[in-house]
Amino acid sequence: AYVVKRTRRLKALVQECDRKRLQLEMLLYKAEISSRSSAIIADDSLNGADKDRRKQLMSELSALGRQVQSERDRLLAASRAAANRAAATPATAADRADSKAVLVSDAARNVNTPSGFVTFTSQREAMIALNTRCSADDEEFVMS
């Protein structure tokens, strides 16, 4: 089973990175088009303002790339820490019998959502899960 992560911040960073990359591509494309239409084709077709804008976009892209990697690392580290903590805590038979007794740290709650997904290794297991009757009690079991 895989737990769905809270990636709202990561998604926003990646979208901002994509926007900056598109702006840079548009700037370079406009410079290429203008150099083609010009009678004189220079080695560097960007004017002074465009060169400054290109440098700014490259700097912003670099900073955003570091932020994206940092957020990914934070999510993975918190997820690993929660998994390691859960593995290090021995479960007794009583804990296993009481399905509502779940140890989840605050750090894990900040990273993990209450949703998840399961990958089945065989069609038989998938069919068994598909035909499982689930209770409407949201504390007992949720399946979609």
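From a predicted model like this one, the values you see are computed outputs, not experimental measurements.

Remarks on the overall build of the chain
Then comes step 1: Counting its regular elements, the chain contains 5 helices and 2 strands.
Then comes step 2: N-terminal to C-terminal, the α/β element order of the chain is β-α-α-α-α-β-α.
Then comes step 3: Burial analysis of the chain (144 residues in total) assigns 16% to the buried set.
Then comes step 4: Across the chain, every contact between residues at least 6 apart in sequence was considered, and the portion connecting residues at least 24 apart equals 78%.

A short note on the confidence of the model for the chain
Then comes step 1: On average, residues of the chain carry a pLDDT of 77, and 68% of them reach 70 or more.
Then comes step 2: Averaged over each element, pLDDT in the chain is lowest for helix H3 (residues 93-97) (49) and highest for helix H1 (residues 8-37) (89).

Notes on the nonpolar core
Then comes step 1: Counting residues in each nonpolar core, the largest one holds 12 residues, listed as Leu10, Leu13, Cys17, Leu24, Leu27, Leu57, Leu61, Leu64, Val68, Leu75, Ala78 and Val111.
Then comes step 2: Every element with two or more residues in this core is listed here: H1 and helix H2 (48-88).
Then comes step 3: No other element matches H2, which puts 6 residues into this core.
Then comes step 4: Setting aside residues no more than four positions away along its own chain, Val68 makes contact with Leu10, Leu13 and Val14.

Notes on the pattern of salt bridges
Then comes step 1: With the rule as written, the count across this model stands at 6 salt bridges.
Then comes step 2: Between Glu16 and Lys20 there is a salt bridge, with the nearest N and O atoms lying 3.7 Å from each other. Taken together, the residues span about one helical turn, with Glu16 and Lys20 both in helix H1 at a distance of 4 residues.
Then comes step 3: Each of Glu16, Arg19, Lys20 and Glu60 takes part in salt bridges that share partners, so that together they form one network.

Some details on the environment of Lys51
Then comes step 1: Locating Lys51 in the fold gives a position in helix H2.
Then comes step 2: C-alpha separation for the pair Lys51 and Leu27, spaced 24 residues apart in sequence, amounts to 9.4 Å.

Side note on the side chain of Lys20
Then comes step 1: Residue Lys20 is classed as buried on the basis of its relative accessible area, which comes to 14%.
Then comes step 2: With near-sequence residues (within four places) excluded, Lys20 lies in contact with Leu57, Glu60, Leu61 and Leu64.

Let's talk about the side chain of Glu71
Then comes step 1: Note that Glu71 resides in helix H2.
Then comes step 2: Only 2.8 Å separates the side chain of Glu71 from the side chain of Arg9, close enough to count as a polar contact.

Basis of the calculations
Residues numbered from 1 in each chain as written. Predicted model: local features only at pLDDT ≥ 70, side-chain atom pairs only at ≥ 80, totals over all residues. Heavy atoms only, no water. Helix = DSSP H or I, 4+ residues; strand = E, 2+ residues; numbered from the N terminus. Buried < 20%, exposed > 50% of the residue type's maximum accessible area, 1.4 Å probe, protein only. Contact = heavy atoms within 4.5 Å. pLDDT = per-residue confidence, 0-100. Core = buried A, V, L, I, M, F, W, Y, C linked by side-chain atoms within 4.5 Å. Salt bridge = Lys/Arg side-chain N within 4 Å of Asp/Glu carboxyl O. Polar contact = N/O pair within 3.5 Å; in protein donor to acceptor, adjacent residues only side chain to side chain.

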